[in-house]
Amino acid sequence: MEQTLAELRAIAEETRLRIILLLARGELNVKDLTNILGQSQPRVSRHLKLLLDASLINRHREGSWVYFRLSEKARNQSFVASVIQSVEATDKILKRDLTRLEAVKLARSEEAAIYFASIAENWDSLRNLKISEGKVETAIGEILPAELGDLLDLGTGTGRMLELFSNRATHSVGVDMSHEMLSYARLKIEKAGLTNSQVRQGDIFNLPMESERFDTVIIHQVLHFLDESLSVLKEAVRVMRPKAKLMVADLASHGHEDLRQTHSHRRLGYSTEQMVEWGELAGLKLIQSKNIEPSGRMLNEADGQLSVSLWLFERI
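Criteria and cut-off values
Residues numbered from 1 in each chain as written. Predicted model: local features only at pLDDT ≥ 70, side-chain atom pairs only at ≥ 80, totals over all residues. Heavy atoms only, no water. Helix = DSSP H or I, 4+ residues; strand = E, 2+ residues; numbered from the N terminus. Rg over C-alpha atoms; globule rule 2.2 N^0.38 Å. Buried < 20%, exposed > 50% of the residue type's maximum accessible area, 1.4 Å probe, protein only. Contact = heavy atoms within 4.5 Å. Areas by Shrake-Rupley, 256 points an atom, 1.4 Å probe, with all protein chains shown as cover. Lys, Arg positive; Asp, Glu negative; His and termini not counted. Charge placed at Lys NZ, Arg CZ, Asp CG, Glu CD. Salt bridge = Lys/Arg side-chain N within 4 Å of Asp/Glu carboxyl O. Phe/Tyr/Trp six-rings, centres within 6.5 Å; stacked < 30°, edge-to-face > 60°. Lys NZ or Arg CZ within 6 Å of the ring centre and 35° of its normal. Pairing = 2+ DSSP bridges. Right-handed = clockwise from strand over helix to strand, strands pointing away. Axes fitted to C-alpha atoms, helices over the stretch in contact; angles between N-to-C directions. Parallel < 35°, antiparallel > 145°, perpendicular 65-115°, else oblique. Arc of directions from axis to C-beta. pLDDT = per-residue confidence, 0-100.

The next point concerns the overall build of the protein. In terms of regular secondary structure, the protein is built from 14 helices and 10 strands. For 316 residues, the compact-globule estimate of 2.2 N^0.38 gives 20 Å, and the protein sits close to it at 22 Å. If you line up the protein on its principal axes, its C-alpha atoms span 65 × 45 × 30 Å. For the protein, the proportion of its 316 residues judged to be buried stands at 52%. At a minimum sequence separation of 6, the contacts of the protein that also span at least 24 residues come to 71%. Put simply, the protein shows about 15,400 Å² of open surface, and 51% of that area lies on carbon and sulfur atoms. Averaging the positions of the 41 positive and the 44 negative side-chain charges in the protein gives two centres separated by 6 Å.

Once that is clear, we can look at unusual backbone geometry. In this structure, glutamine 221 takes a positive phi of about 55° despite not being glycine. In this fold, glutamine 221 is placed in the loop between strand 7 (214-220) and helix 12 (229-238). On the basis of relative accessibility, which here comes to 11%, the residue glutamine 221 falls in the buried class. Residue lysine 243 is not a glycine yet carries a positive backbone phi of 70°. Along the chain, lysine 243 falls in strand 8 (residues 240-251). Given a relative accessible area of 52%, lysine 243 falls into the exposed group.

This next bit is on the pattern of salt bridges. A pair can form between side chains of opposite charge whenever their charged atoms are brought close. Within the structure shown, the criterion is met by 19 salt bridges. With a shortest N-O distance of 3.0 Å, glutamate 137 and arginine 160 are connected by a salt bridge. Separated by 23 residues along the polypeptide, glutamate 137 in helix 9 (residues 133-143) and arginine 160 in helix 10 (residues 160-165) bring together distant segments of the chain. Since its relative accessible area comes to 30%, arginine 160 is described here as partly exposed. The partner of arginine 238 in a salt bridge is glutamate 235, and the shortest N-O contact between them spans 2.9 Å. With arginine 238 and glutamate 235 both in helix 12 and 3 residues apart, the pair spans about one turn of that helix.

Our next topic: the environment of aspartate 203. Within the element layout of this structure, aspartate 203 appears in the loop between strand 6 (197-201) and strand 7. Among the residues examined, aspartate 203 registers a relative accessible area of 33% and is labelled partly exposed.

Take the packing of aromatic side chains next. Evaluation of the coordinates by the stated rule reveals 1 aromatic pair. Consider the rings of tyrosine 270 and tryptophan 278, whose centres lie 5.7 Å apart with planes at 65°: the pair is edge-to-face. Tryptophan 278 shares its class with tyrosine 270; the two are buried. Positioned over the ring face of tyrosine 67 is arginine 186, at 3.7 Å from the centre of the ring. When the ring centre of phenylalanine 214 is taken as reference, the NZ or CZ atom of arginine 213 above it lies at 4.9 Å.

Take the pairing of strand 4 (residues 149-154) next. The buried fraction of strand 4 amounts to 6 of the 6 residues, a majority that puts the element mostly inside the structure. Taken together, the 6 bridges between strand 4 and strand 5 (residues 169-176) define a ladder with parallel strand orientation. Each bridged residue has a counterpart across the sheet, and for leucine 154 the counterpart in strand 5 is valine 175. One crossover worth recording links strand 4 to the parallel strand 5 by way of helix 10, and it is right-handed.

Attention now moves to the sheet that holds strand 9 (residues 284-292). Ordered in space as 6-5-4-7-8-10-9, the 7 strands form an open sheet in which the pairing is mixed. The outermost strands of the open sheet, each flanked by one partner alone, are strand 6 and strand 9. Between one strand and the next, the sheet's axes are offset by a mean angle of 15°, whatever the strand orientation. Sheet topology note: the strand 4/strand 7 ladder contains 4 bridges and is parallel.

Next up on the list: the packing of helix 3 (residues 30-37) against helix 4 (residues 41-53). A pair of packed helices can be characterised by two numbers: the angle between their axes and the separation between those axes. Relative orientation of the contacting elements helix 3 and helix 4 amounts to 110°, with a least axis distance of 9 Å. By the angle between their directions, the pair helix 3 and helix 4 is classed as roughly perpendicular. Contacts from Val30, Leu33, Thr34 and Leu37 of helix 3 reach helix 4 at Gln41, Val44, Ser45 and Leu48.

What follows covers helix 6 (residues 78-86). Among the residues making up helix 6, those that are buried are Val80, Ala81, Val83 and Ile84. Within helix 6, the buried residues cover an arc of 160° as seen down the axis, which keeps them to one side. Residues Ser78, Gln85 and Ser86 are exposed on helix 6 and point more than 90 degrees away from its buried face.

Okay, the confidence of the model for the protein next. Per-residue confidence for the protein gives a mean pLDDT of 87, with 90% of residues at or over 70. Across residues 296-303, confidence stays below pLDDT 50; counting only partners more than four residues off in sequence or on other chains, it has 9 contacts.

Put into C-alpha cells, the structure is as follows:
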C-alpha cells in the first residue's frame, strides 16, 4: 500500500504526468525534457527526482549526460499502464508535447547525419572489406536460438543487431563507448518501435551490468579493433547466465597488414583454433561455427574482400 500511495502521489501532478507520457515513448535527457516542457532545468530535475524516488523511472549516465526511461516495473504495472492509455493523443497538452518531441528527434537526426557524413568515406571502404552485411546477418539469425531471452549486444555501434533481433528477445540492451553512435542507435530503435530495447554508454571491458544477467550476448565486428579480446570474452561470460549463448561474428584470419594503419585494426582476424582456446579460458565451449567466404565474380581476399567467421559458444 505504501508503494502504491507513493506512485499515486508522484504521478498526480501535471508536469510529472507529462514526463511519464513522454518517457513511455522513449529515452530522454534533461535538456530534451526542458525543451519539450518549456520549464527550467532545476524544476524539471525536481520532478524527475520525485518520479525516481517512486521507482516510476530509471536513469543512467553517459559522460556528462543523464538519460531517463520509464521503468520496466512502471511499464508493466497495470496502474501506470492504464494511466498512460487513458490520456488521448488528441489532448491539447499532450499533442503539443509530442510535436516538440518530434522536433527534438529531428534535431538528433540532423546531428547524427552530420557526424556520419564526416566519416562516410572511411565507413564505406571498411564495409566493403568484408562479405555483404546482409549475408552475414542472415547467417547470424540462422545460428542464434529462436528465443534469445535477455539479449546484450557489445559494441552495438549503430544498434543494427538490436534492430534485427530484438523481436526475438524479452529485453535487449546495446553497449558502446561512442556517444555519436549511440545517438544514431537510439534513432533507429525509436523508428523501429522497439520498446523492449535500449542502449547504454559503457566500457565493454567493465560492463555496467550485474553478473549472470543475460541469456544471449552478441559481439559483432568488434574484437578486431581491440588488443585484449580475451578480456572482453571473460567480461561477457561474467554477465551471462549458466548455459547462456555467446555469438561472435568477426573477420577470419587474413594478411592485410595495411588495415592496422588505414582502419585502426588491432587484430588481423581470428582462426577457429584461436577462438576455441580463448573460449575455454573464458569459461565457454564452442557449439557451432561457420565461415562465410566471398562469392560471385572473383571476390576473394586478393581482391580486397575478407571472409567472416561466426562462432556460437555456450557458457559452461
